[in-house]
Structure formats: structure tokens, C-alpha cells
Amino acid sequence: KIVLKLEVHDERIKKKAMKTVCEFSGVTSLDVREEGKLKVTGEFNNFELTKKLKKICKDVDIIEVGPDTEPEQNQPKPGDENWDPCIIM
């Protein structure tokens, strides 16, 4: 997972950047809920993706790099009253 900050003021450049990310090999999902932030997940080369985006829009900053999976919030742990070793989530 990588979170990028893009300074894009032109809609045409924004569409071109989105198309580049969508067509990039290994990208599995794309999230643009926050203005100016682009969250990309999958198995891909972060450096190559950033390099391609910098050719389209000059101001690209990497905010966060991490694993693809989100931490499980509601997983019961051994010792909890709802914990059952036979349930696989």
C-alpha cells in the first residue's frame, strides 16, 4: 500500500494520472476519497509508480508506505469471552 499526495489543479491531468495508476501492473485497488490524496494497494514497484506519476503531475509526495492489509479491529483474542479456536475468520 502506498498513499500519495498529488497537487493537481487541472481535471485533464487528474484523469491522466488516474488512468496511469489503473493501468499500472500489480495495482489491485485505488482510493481517492480525500481531496489530493491517492491510496493505491497491490503488489507493485512504488518507485516506478511514483516516477510515472511525476512525469504527469510534477508535485507528487509519498505520505505513507505500508503493507496491503488493514489491521483487524474486531478479532477476538485468546482469553476473551467470545474467543473460539475453531472459528476461522
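Rules and cut-offs
Residues numbered from 1 in each chain as written. Predicted model: local features only at pLDDT ≥ 70, side-chain atom pairs only at ≥ 80, totals over all residues. Heavy atoms only, no water. Helix = DSSP H or I, 4+ residues; strand = E, 2+ residues; numbered from the N terminus. Polar contact = N/O pair within 3.5 Å; in protein donor to acceptor, adjacent residues only side chain to side chain. Contact = heavy atoms within 4.5 Å. Pairing = 2+ DSSP bridges. Axes fitted to C-alpha atoms, helices over the stretch in contact; angles between N-to-C directions. Salt bridge = Lys/Arg side-chain N within 4 Å of Asp/Glu carboxyl O. Phe/Tyr/Trp six-rings, centres within 6.5 Å; stacked < 30°, edge-to-face > 60°. Core = buried A, V, L, I, M, F, W, Y, C linked by side-chain atoms within 4.5 Å. Buried < 20%, exposed > 50% of the residue type's maximum accessible area, 1.4 Å probe, protein only.

### Considerations on the side chain of threonine 20
Here comes step 1: Locating threonine 20 in the fold gives a position in helix α1 (residues 11–23).
Here comes step 2: For threonine 20, the side chain forms a polar contact with the main-chain oxygen of lysine 16, separated by 2.9 Å.
Here comes step 3: Leaving out residues up to four positions away in the same chain, threonine 20 has contacts with Lys52 and Ile56.

### Observations regarding the sheet that holds strand β4 (residues 60–65)
Here comes step 1: Strand order in the open sheet made by the 4 strands is β2-β3-β1-β4, with antiparallel pairing throughout. Of all the strands in the sheet, the pair left with one neighbour each is β2 (27–31) and β4. Along the sheet, successive strands turn relative to each other by an average axial angle of 25°, direction set aside.
Here comes step 2: In this structure, strand β1 (residues 2–6) lies alongside strand β3 (residues 37–42), joined through 4 bridges in antiparallel fashion. Pairing of leucine 4 across the sheet is with leucine 38, part of β3.
Here comes step 3: Against the sheet, α1 contacts β2 and β3, and its axis sits at roughly 150° relative to β2.
Here comes step 4: Sheet strands in contact with helix α2 (residues 46–56) are β1, β3 and β4, and its direction is about 15° off that of β1.

### With respect to the pattern of salt bridges
Between side chains of opposite charge, pairing is possible as soon as their charged atoms come close.
Here comes step 1: Under the criterion given, the structure shown has 3 salt bridges.
Here comes step 2: With its nearest N and O atoms 3.8 Å apart, the salt bridge here joins arginine 12 to aspartate 10.

### Here we look at the packing of aromatic side chains
The geometry of an aromatic ring pair comes down to the distance between the two centres and the angle between the two planes.
Here comes step 1: The tally for this structure, following the rule as stated, stands at 1 aromatic pair.
Here comes step 2: Here phenylalanine 24 and phenylalanine 44 contribute two aromatic rings whose centre-to-centre distance is 6.3 Å and whose plane-to-plane angle is 90°, an arrangement assigned as edge-to-face. Pair noted here: phenylalanine 24 is in the loop between α1 and β2 and phenylalanine 44 is in the loop between β3 and α2, with a separation of 20 residues, a long-range link.

### Some words on the nonpolar core
Here comes step 1: In terms of nonpolar packing, the biggest core is built from 15 residues, with Val21, Leu38, Val40, Phe44, Leu49 and Leu53 touching the most fellow members.
Here comes step 2: Elements supplying a minimum of two residues to this core: β1, α1, β3 and α2.
Here comes step 3: In contact with leucine 49, other than residues within four places in its own chain, are Ile2, Val21, Phe24, Val40 and Phe44.

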